[in-house]
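Here's the letter readout for the chains.
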Amino acid sequence: MTLTLGGRGRDNDTAISWAGRTLTYAELDAAVEQWPHLLVHGARSHSVRSHSARSHDASALELPDALICVFAAARQGSAVRVEDPAARPERPAHTDPDAFLLVATSGSTGRPKPLARTVASWVDSFPEFTDISGIRPTDTVLITGPLHATMHLFAAVHALWLGACVTDDPSQATAVHAVPAVLRDVLRGMPHARVAVAAGTGLDDAAAQTISAQNASTQEIRLVEYYGSAELSLVAARVVGEHSSLRLLRDVDARTEDGYLFVRSPYAALGARGWFGVGDLAELNGSELLVRGRGDAAINVGGTTVIAEDVENILTALDGVRAAAAIGTPHAVLGETVSAVIELDGTRDLDLVRADARAIMAKEALPRRWTVVQQLPRTSNGKIARRALL
């Protein structure tokens, strides 16, 4: 399967509506065909070509031009870099001849590392993702973050492959991809929302209930959660309300070793083929997957393993807490204890939040140190950058 633009037979339909610019599918196709000789926004061709004769660099381009560049690279059989211009990873001197997308990990667990993937490693998953998500060619898909965060790049490329419209306008969007914290906020400004896709971090029960409650008075919204990584793309997904657990995609295999998840997938980046260790703690029951969180976020409290994500999910569900991060703090006797860094929403003070936590949390998981901040550090795709708190 190759990466082509959807919208066949609908040349006058809008493909991209972004920052006041509109491209129909006919205009988008023409721009892709002429790239980089005729640019949508008048950029000079040498500014988007890398030193390699067969690669492009879309990293610093506005979204419409960046997506034109990506589809042009696929059409030309070239590679294209889509990286954070402010934090580019170090790459080997020679690119794999099968490489199409040159991207990077988010850096939420350390320095971003370079990745390269083929066209097929994404496109072959598009049909199954379309079935799971329910996104249609008639949808307008809201992109909620920069394209160098692969979740957003996947969302935009899938939308244009399908023939849908990509936008930055919540008031016009019918579908959206976002991390749960962003999803909760952005849906308030989406009166026509039909599909909400949560990814990037786990959709906890409190977030799912909040999203459902926000939209109870409007039309029914299909809430979809998927689990994946920059190295593996899609691994498992579920439709909230239809399935209680994530389910592995049809062609994806998984196993656990000492509680850690290993995945074998046709959608993996180059270099991540075979059994790839994700670094997450997980439980498997047939094709059903329960992800417990990052293994490097496991906190050993006196011999009891406390998962940071479990603590964060409990704290975030408390009244008055907008977001939370849990980290391990060295302790002379216990080895580690849990510390919490939280954002409050202004409705309750810290003493009340701590009292609620004491009433429901196991003593090993209960934070011994609490810090209130205005805003937790986050990666470009909205995930909490827990390492920045250490």
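Structure report, in brief. The model shown is predicted, which means the values in this text are computed figures rather than measured ones. (Residues numbered from 1 in each chain as written. Predicted model: local features only at pLDDT ≥ 70, side-chain atom pairs only at ≥ 80, totals over all residues. Heavy atoms only, no water.)

1. Let's talk about the packing of helix α2 (residues 63-76) against helix α5 (residues 150-162)
Between two packed helices, both the angle of their axes relative to each other and the distance between the axes serve to describe the pair. For the pair α2 and α5, interaxial distance at closest approach is 11 Å and the crossing angle is 70°. As the angle between them shows, α2 and α5 are arranged roughly perpendicular. For the pair α2 and α5, the crossing hand works out as right-handed. On α5, the residues touching L67, V70 and F71 of α2 are L153, A156, V157, L160 and W161. Here the residues of the contact of α2 with α5 sort into eight nonpolar, no polar and no charged. (Axes fitted to C-alpha atoms, helices over the stretch in contact; angles between N-to-C directions. Helix = DSSP H or I, 4+ residues; strand = E, 2+ residues; numbered from the N terminus. Parallel < 35°, antiparallel > 145°, perpendicular 65-115°, else oblique. Left-handed = near helix turned anticlockwise from the far one by under 90°. Contact = heavy atoms within 4.5 Å. Nonpolar A, V, L, I, M, F, W, Y, C, P; charged D, E, K, R; others polar.)

2. What about the pairing of strand β10 (residues 195-198)?
Burial along β10 is two-sided: the residues V195 and V197 and A196 and A198 are all buried. Relative to β10, strand β9 (residues 175-178) runs parallel, the two sharing four bridges. Paired with A178 across the two strands is A198, which belongs to β10. Handedness of the crossover joining β9 and β10 through helix α6 (residues 180-186) is recorded here as right-handed. Pairing geometry for β10 and strand β11 (residues 222-229), over four bridges, is parallel. By the bridge assignment for β11, V195 is matched with R222. (Buried < 20%, exposed > 50% of the residue type's maximum accessible area, 1.4 Å probe, protein only. Pairing = 2+ DSSP bridges. Right-handed = clockwise from strand over helix to strand, strands pointing away.)

3. Observations regarding the environment of E257
With respect to the helices and strands, E257 occurs in strand β14 (residues 253-257). Judged by its relative accessible area of 35%, E257 is partly exposed. Through-space distance from the C-alpha of E257 to that of G6 is 41 Å; in sequence the pair is 251 residues apart.

4. Considerations on the environment of V141
Considering the arrangement of structural elements, one finds V141 in strand β7 (residues 140-143). The class for V141 is buried, based on a relative accessible area of 1%. Counting along the chain gives 125 residues from V141 to I16, while the straight-line C-alpha distance between them is 9.5 Å. With residues up to four places along the chain from it excluded, the contact list for V141 reads I135, A159, A164, C165, V166, T167, A175 and H177.

5. Considering the pairing of strand β17 (residues 288-294)
Across two bridges, strand β13 (residues 246-248) lies against β17 in antiparallel orientation. Paired with L246 across the strands is L289, a residue of β17. Where strand β16 (residues 276-285) meets β17, six bridges bridge the pair, whose relative direction is antiparallel. Opposite D280, over in β17, you have R294 as the bridge partner.

6. Here we look at the side chain of S125
With respect to the helices and strands, the residue S125 is situated in the loop between α3 (120-123) and α4 (126-133). By relative accessible area, which is 0% here, S125 ends up buried. Within the local environment of S125, its side chain forms a polar contact with the backbone oxygen of W122, the two atoms lying 2.7 Å apart. Aside from chain neighbours lying at most four places away, what touches S125 is F154, L234 and Y267. (Polar contact = N/O pair within 3.5 Å; in protein donor to acceptor, adjacent residues only side chain to side chain.)

7. Here we look at the packing of aromatic side chains
Within this structure, the stated rule accounts for six aromatic pairs. Seen in terms of ring centroids, F129 and F154 are 5.3 Å apart; in terms of plane orientation they differ by 80°. Their pairing is edge-to-face. With a gap of 25 residues between them, F129 in helix α4 and F154 in helix α5 connect regions that are remote in the sequence. Taking relative accessible area as the criterion, F154 reaches 3% and is therefore assigned buried. Taken together, the aromatic side chains of W122, F126, F129, F154, W161 and Y226 make up a single cluster linked through ring pairs. Over the aromatic face of F262 sits the side chain of R255, whose NZ or CZ is 5.4 Å from the ring centroid. Sitting above the plane of the W275 ring, R255 keeps its charged end 4.4 Å from the centroid. (Phe/Tyr/Trp six-rings, centres within 6.5 Å; stacked < 30°, edge-to-face > 60°. Lys NZ or Arg CZ within 6 Å of the ring centre and 35° of its normal.)

8. Digging into the packing of α4 against α5
Their axes nearest at 11 Å, the elements α4 and α5 cross at an angle of 95°. By the angle between their axes, α4 is roughly perpendicular relative to α5. On α5, the residues that touch F126, P127, F129 and T130 of α4 are F154, V157, H158, W161 and L162. By residue class, the composition of the contact of α4 with α5 is seven nonpolar, two polar and no charged.

9. Regarding α5
Relative to the 18 Å expected for 13 residues at 1.5 Å per residue, α5 spans 18 Å between its end C-alpha atoms, a close match to the ideal helical length. With 13 of 13 residues buried, α5 is to be regarded as a mostly interior element. Within two residues after α5, G163 carries a phi angle of roughly 105°, on the positive side. (Expected span 1.5 Å × (residues − 1).)

10. Considering the pattern of salt bridges
Evaluation of the coordinates by the stated rule reveals 23 salt bridges. With its nearest N and O atoms 3.6 Å apart, the salt bridge here joins R21 to D65. You can see R21 sitting in strand β2 (residues 21-24) and its partner D65 sitting in helix α2, a full 44 residues away along the chain. Exposure class is identical for R21 and D65. Each is buried. A salt bridge links R386 to E309; the shortest N-O distance between them is 3.5 Å. Taken together, the residues R386 in the segment after β22 (369-372) and E309 in helix α8 (residues 308-316) connect sequence positions 77 residues apart. By relative accessible area, which is 16% here, R386 ends up buried. (Salt bridge = Lys/Arg side-chain N within 4 Å of Asp/Glu carboxyl O.)

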